[in-house]
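Report on the structure
If you want the building blocks of each chain, they are given just below.
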Amino acid sequence: MNDLNALRTPEGTALLDEVRGTDPAHELAVATRLRREHPAELVSAALGQARLRQRAAAKFGTEDAGRMFFTPNGVEQSTRASVAAYRARRMRELGVTSVADLCCGIGGDAIALARAGIRVLAVDRDPLTAAVARANAEELGLADLVEVREADVTEVDTAGYDAVFVDPARRGGPSRGAARSASVRGGGRATGGRIFDPEAYSPPLSWAVEAAGKARHAALKVAPGIPHEAVPDTAEAEWISDGGDVKEAVLWFGTEPGLVRATLLPGPRTLTGRGLADPAVRPVGRFLYEPDGAVIRAHLVAEVAEEVGGGLLDATIAYVTADELRPTPYASAYEITDHLPFNVKKLKALLREREVGVLTVKKRGSAVEPEELRRKVLPKPHGPGSATVFLTRVAGAPAMLLGRPA
Ligand SMILES: C[S@@+](CC[C@H](N)C(=O)[O-])C[C@H]1O[C@@H](n2cnc3c(N)ncnc32)[C@H](O)[C@@H]1O
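Structure report, in brief. (Residues numbered from 1 in each chain as written. Predicted model: local features only at pLDDT ≥ 70, side-chain atom pairs only at ≥ 80, totals over all residues. Heavy atoms only, no water.)

1. Quick word on the packing of aromatic side chains
This model, assessed by the stated rule, comprises three aromatic pairs. Look at Y319 and F390: their rings are 5.3 Å apart centre to centre, the planes differ by 85°, and that puts the pair in the edge-to-face class. Residue Y319 is found in the loop between strand 11 (311-312) and strand 12 (320-322), and its partner F390 is found in strand 15 (residues 385-394); the two are separated by 71 residues along the sequence. Given the relative accessible area of 0%, F390 is considered buried. Aromatic pair Y334 and F390: ring centres 4.9 Å apart, planes at 80°, arrangement edge-to-face. With Y334 in strand 13 (residues 331-341) and F390 in strand 15, the pair connects residues that are 56 residues apart, well separated along the chain. The same class applies to Y334 as to F390, namely buried. By way of ring pairs, the aromatic residues Y319, Y334 and F390 are connected into one cluster. (Phe/Tyr/Trp six-rings, centres within 6.5 Å; stacked < 30°, edge-to-face > 60°. Helix = DSSP H or I, 4+ residues; strand = E, 2+ residues; numbered from the N terminus. Buried < 20%, exposed > 50% of the residue type's maximum accessible area, 1.4 Å probe, protein only.)

This is the structure we're talking about:
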C-alpha cells in the first residue's frame with residue numbers, strides 16, 4: 001500500500017515515466033543509476049510497476065495500462081478490456097444504470113462499466129487490491145462514477161443497484177486475496193492452477209447465484225469450462241471468445257432463462273441456440289469447418305452445421321464438413337484436398353510431392369503431439385507451399401485431412 005501511495009506522488013510519477021518500457025535486460029543498470037537520486041524502495045516499486053504495466057498492455061492496451069496500477073494477481077485475474085466493454089454494453093442495453101461489482105479486483109470490469117455510463121459500487125476485500133481499483137478509477141477520470149469499497153462481498157447490501165456483477169476469484173493458492181497480492185511490484189506471478197469447481201470459487205458460485213436472484217439483472221463471470229449441467233435453470237449462458245480464444249462464460253439473470261449463446265469478439269457476432277439435435281454424421285465433403293471455441297463450448301455446433309448445410313465427420317468431434325463454401329463468422333472454413341487414413345509415411349510423401357514447407361497441424365480426437373508429427377513429416381522444411389493437416393477421426397477411424405484455408 002505504501003508503494004502505491006509513493007508511486008502516486010510527483011516523485012513516483014516522474015520515476016514511473018522514466019522507467020516506462022525498460023527492457024528487463026537493462027533493469028539492473030537502470031536501478032543502479034536511479035538509486036543515486038531516489039530511495040531504493042521507490043525505484044524497485046517503479047520498476048516492478050513498469051513490468052506489470054507491460055504485462056497488462058495485452059489486456060488494457062498500452063495507453064490505459066500505462067496510466068493504471070496493478071498487482072501481479074490483479075493483472076492475471078482482470079477481465080480484458082474488449083470483453084468487459086462488450087458486457088458493459090449489454091448491461092446498458094438492458095437498461096441498467098447502476099451496478100454492484102462484487103469482487104472488483106483492480107477494476108477491469110468497473111472501468112468498462114463506468115465508461116458505458118454506468119454508476120458502479122466496486123467491492124473487494126483485499127485492501128491493496130481495493131486501493132489499486134480506486135487509484136485506477138481516479139487515473140482514468142472515472143472517480144465520479146466508481147465508488148470503491150473494501151469489504152467482504154457477502155456483507156454488502158446491493159438493494160440500491162439495478163444489477164449485480166460477480167467475478168469470483170478462481171485461482172488456487174491461499175484463499176485470502178491479501179496473502180497473494182501484498183505487493184504492487186510485480187515480482188511474483190499468480191501461483192496455483194485454475195479451480196474448476198465453481199463451489200471452490202471465492203465466493204462460491206451458489207452464493208453468487210443467490211445474490212443474482214436478489215437483483216433485477218445480474219451477470220456472473222465463470223470459467224468457460226463450466227459444465228452445462230452447472231448452469232442454473234434461471235440463467236442464460238453466454239460463452240465469449242476474442243480473436244478466436246475463448247475467454248469466459250457469463251451467466252446472465254433477468255434476460256432469457258435457458259438461452260445459450262456464443263459471442264465472438266471483436267464483432268460482436270452472437271449465435272443463439274435453437275435447441276437443434278446433434279447434426280448427422282456424413283462423408284467428408286469438399287470443405288471442413290472448424291467452429292470457434294465459444295461455439296463449441298456453448299454446444300452450438302448443430303447451429304453452425306445447419307448454417308453451412310453440413311454434417312459431422314464423427315459423432316463425437318466438433319468438425320463440420322460440407323460440399324459448399326458458405327462463409328460464416330462462427331467457423332473457419334478449409335478446402336480439403338486429401339483424405340488419408342492416419343499414416344505418417346503417407347503424409348510425409350504427400351507433403352514432399354506438394355512441395356509443402358509450412359504445415360499447420362490441427363487436431364480433435366487424436367492423441368498425436370502436433371510438434372512431434374511436424375518433426376517427423378517435415379524434418380527439413382523447405383518448399384514454397386503451405387498446408388493444414390487435421391488429425392481427427394472420420395466415422396470412428398483415425399484420419400488425416402489435408403487442406404488449406406478456403
Ligand atoms: C477475478 S478477481 C476480479 C477481477 C475483476 N473483475 C477485474 O476485471 O479486474 C476476483 C477478486 O475477488 C476478490 N474476492 C474474493 N472473495 C471475496 C469476497 N468474499 N469479498 C470481496 N472480495 C473477494 C479477490 O480479492 C479478487 O480481487
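2. Some remarks on the sheet that holds strand 15
An order of 11-12-10-13-16-15-14 is seen for the seven strands of this open sheet, with the pairing classed as mixed. Looking at strand neighbours, the two that pair on one side only are strand 11 and strand 14 (356-363), the edges of this open sheet. Sheet topology places strand 13 next to strand 16 (residues 397-405); seven bridges connect them, and they run antiparallel. The residue bridging H339 from the neighbouring strand is L401, located in strand 16. Running over the sheet, helix 13 (residues 344-353) touches strand 13, strand 14, strand 15 and strand 16 and is turned about 15° from strand 16. Contacts from helix 14 (residues 370-377) reach strand 14, strand 15 and strand 16 within the one sheet, and its direction differs from that of strand 14 by about 150°. (Pairing = 2+ DSSP bridges. Contact = heavy atoms within 4.5 Å. Axes fitted to C-alpha atoms, helices over the stretch in contact; angles between N-to-C directions.)

3. Some thoughts on the site of the ligand
Within the structure, the ligand sits among 22 residues, and T79, D109, D124, D167 and S202 are positioned closest to it. The backbone of R125 places a nitrogen or oxygen atom 3.2 Å from a nitrogen atom of the ligand. The side chain of D167 places a nitrogen or oxygen atom 2.7 Å from a nitrogen atom of the ligand. Relative to its free-state accessible area of 610 Å², the ligand is covered by the protein chains to the extent of 96%. (Near = heavy atom within 4 Å. Polar contact = N/O pair within 3.5 Å; in protein donor to acceptor, adjacent residues only side chain to side chain. Areas by Shrake-Rupley, 256 points an atom, 1.4 Å probe, with all protein chains shown as cover.)

4. Describing the packing of helix 13 against helix 14
Interaxial distance between helix 13 and helix 14 falls to 9 Å at its minimum, and their mutual angle equals 60°. The orientation of helix 13 with respect to helix 14, classified from their angle, is oblique. Seen along the crossing, helix 13 lies across helix 14 with a hand that is right-handed. Facing helix 13, whose interface residues are V344, L347, K348 and L351, helix 14 presents L373, K376 and V377. Tallied by class, the residues present in the contact of helix 13 with helix 14 amount to five nonpolar, no polar and two charged. (Parallel < 35°, antiparallel > 145°, perpendicular 65-115°, else oblique. Left-handed = near helix turned anticlockwise from the far one by under 90°. Nonpolar A, V, L, I, M, F, W, Y, C, P; charged D, E, K, R; others polar.)

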